[in-house]
Amino acid sequence: MRAMTSTLNPAQRMDTTAAVAVALTVIGWASAFPAIRAGLAAFGPLELGALRFAIAAVPAAIFLAVRRPTLPRIGELWRLAFGGSVFVALYTAMLNFGELTVSAGAAGFIINVSPIFTAIMAMALLGERFSTMAWVGTAISFSGIGIIAMADGQGLHFDTGALLVLGSALCSAVNTIVQKPLFARHHPLTIAASNMVLGALCLAPFLPAAFSQAAVADMAGLGAVIYLGVVPSLIAYAAWATALSRLPAARASNFLYLVSPMSALIGFFWLGEVPMLLGLLGGALALGGVIVVNLKR
């Protein structure tokens, strides 16, 4: 119990490792949005997810085989199973289906409900503190993401696709709370690798169809799924586990508000999408809110 208390200590401070982990997470998950759009042109939503995490699971499984980590206790098994089935498989399926009808800007706005869910649950279930100033910063960031969504040009349309994206945001938030106690006994890379392997197993029934689609996919589609498997999956999930092991859940999740502005920046260089002035304003607000949350930290 003492170990868990130290892991959940709200006084945890940002160090170099945590900062690098946050940066890799933001860049990796921000780049996932254009990559998913490219991948969905060649693969079905479930097939894209299955092949993406099959690619990530191979090095993850090798890591676990070589490292031979401490086996989880009986009471921890459900937390690991939750990460693979919900944080990887269900999250990916809902987001991929959602992005079939929801624009990138709107998806980014909806997904960014996740840090709010996380902060509320972390206060109620983990005993973390989230100050008034932190809530002010959260409101500023969320407003900025909303402006980015409106600047997307397609606006917000809360159809079935939007509800699926909202569901993926809830999956992410709940998983953060569920798996946070695991870092008291287990290395973050062990948890991330376990999530990859278990998630890939959950999506494995769709692999045969994924291989069939891969046989006729163009280079852009194949490149997108390989990129998704390596950067937003293998690297970013490992980075997120590292950040979550070194920071309170609510504070770590607040950095995810930077995903939408970073996604717009990546879209500019990758897809030639020039952000509107309104989008730049939204990005500045999102960044400003994160700065407010981390004042005096």
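Residues numbered from 1 in each chain as written. Predicted model: local features only at pLDDT ≥ 70, side-chain atom pairs only at ≥ 80, totals over all residues. Heavy atoms only, no water.

K.L.:
Describe helix H8 (residues 160–179), listing the residues and the values that go with them.
P.N.:
With 20 residues, H8 should cover 28 Å at 1.5 Å per step; its first-to-last C-alpha distance of 28 Å lies within 8% of that length. Counting buried positions along H8 yields 14 of 20 residues, so the element is predominantly enclosed. (Helix = DSSP H or I, 4+ residues; strand = E, 2+ residues; numbered from the N terminus. Expected span 1.5 Å × (residues − 1). Buried < 20%, exposed > 50% of the residue type's maximum accessible area, 1.4 Å probe, protein only.)

K.L.:
Which residues make up the packing of helix H2 (residues 16–39) against helix H11 (residues 219–246), and what values go with them?
P.N.:
Direction vectors running N to C along H2 and H11 enclose 150°, while the axes themselves pass 7 Å from each other. In this view, H2 runs roughly antiparallel relative to H11, as classed from their interaxial angle. Crossing of H2 over H11 shows left-handed handedness. Of the residues contributing to the contact of H2 with H11, the split by class is 19 nonpolar, 7 polar and 1 charged. (Axes fitted to C-alpha atoms, helices over the stretch in contact; angles between N-to-C directions. Parallel < 35°, antiparallel > 145°, perpendicular 65-115°, else oblique. Left-handed = near helix turned anticlockwise from the far one by under 90°. Nonpolar A, V, L, I, M, F, W, Y, C, P; charged D, E, K, R; others polar.)

K.L.:
Got a sec to walk through unusual backbone geometry? Specific residues and values, please.
P.N.:
In this model, Arg-68 sits at a positive phi of 50°, which is unusual for a non-glycine residue. Mapped onto the elements of the fold, Arg-68 is located in the loop between helix H3 (45–67) and helix H4 (77–98).

K.L.:
Hey, could you go over the packing of aromatic side chains for me, with residue numbers and the actual values?
P.N.:
One pass over the structure, following the stated rule, counts 6 aromatic pairs. Seen from their ring centres, Trp-29 and Trp-240 are 5.8 Å apart, and the 50° between their planes marks the pair as tilted. Of the two residues, Trp-29 is situated in helix H2 and Trp-240 in helix H11; the sequence distance between them amounts to 211 residues. The same class applies to Trp-29 and to Trp-240, which are both buried. Among the aromatic residues, those joined into a ring-pair cluster are Trp-29, Phe-53, Phe-87, Tyr-91, Tyr-237 and Trp-240. (Phe/Tyr/Trp six-rings, centres within 6.5 Å; stacked < 30°, edge-to-face > 60°.)

K.L.:
Describe helix H10 (residues 207–216), listing the residues and the values that go with them.
P.N.:
For H10, every residue scored as buried is listed here: Leu-207, Ala-210 and Ala-214. All buried residues of H10 project into a common sector of 50° when viewed along the axis, lining one side. The exposed residues of H10 that point more than 90 degrees off its buried face are Pro-208, Ala-215 and Val-216. Contacts made by the buried residues of H10 are with H3, helix H9 (188–203) and H11. (Arc of directions from axis to C-beta. Contact = heavy atoms within 4.5 Å.)

K.L.:
Could you give an account of a nonpolar patch on the surface, with specific residues and numbers?
P.N.:
A cluster of nonpolar side chains, Val-20, Leu-24, Ile-226, Val-230 and Ile-235, forms an exposed patch at the surface whose accessible area comes to about 380 Å². Top contributing element to the nonpolar patch by residue count: H11, with 3 residues. Note on placement: Ile-235 falls in helix H11. (Patch = residues over 30% accessible without salt bridge, like charges linked within 9 Å, V, L, I, M, F, W, Y side chains within 5 Å. Areas by Shrake-Rupley, 256 points an atom, 1.4 Å probe, with all protein chains shown as cover. Salt bridge = Lys/Arg side-chain N within 4 Å of Asp/Glu carboxyl O.)

K.L.:
Please set out the packing of H4 against H8 residue by residue, giving values where relevant.
P.N.:
Running from N to C, H4 and H8 cross one another at 160°; their axes reach a closest spacing of 8 Å. Taken together, H4 and H8 sit at an angle that is classed as roughly antiparallel. Crossing handedness for the pair H4 and H8: left-handed. Each residue belonging to the contact of H4 with H8 can be placed in one class, and the counts come to 16 nonpolar, 8 polar and 1 charged.

K.L.:
Summarise the confidence of the model for the chain; cite the residues concerned and give the values.
P.N.:
Averaged over all residues, the pLDDT of the chain is 80; the fraction at 70 or higher stands at 72%. In this model residues 1–11 is a low-confidence stretch, pLDDT under 50, and it forms 15 contacts with partners more than four residues away in sequence or in other chains. (pLDDT = per-residue confidence, 0-100.)

K.L.:
Run through the pattern of salt bridges, naming residues and quoting values.
P.N.:
Taken as a whole, this structure holds 2 salt bridges when the rule is applied. Between Asp-15 and Arg-246 there is a salt bridge, with its nearest N and O atoms 2.5 Å apart. Taken together, the residues span a long stretch of sequence, with Asp-15 in the loop between helix H1 (2–7) and H2 and Arg-246 in helix H11 at a distance of 231 residues. Relative accessible area serves as the criterion here: at 30%, Asp-15 is assigned to the partly exposed category.

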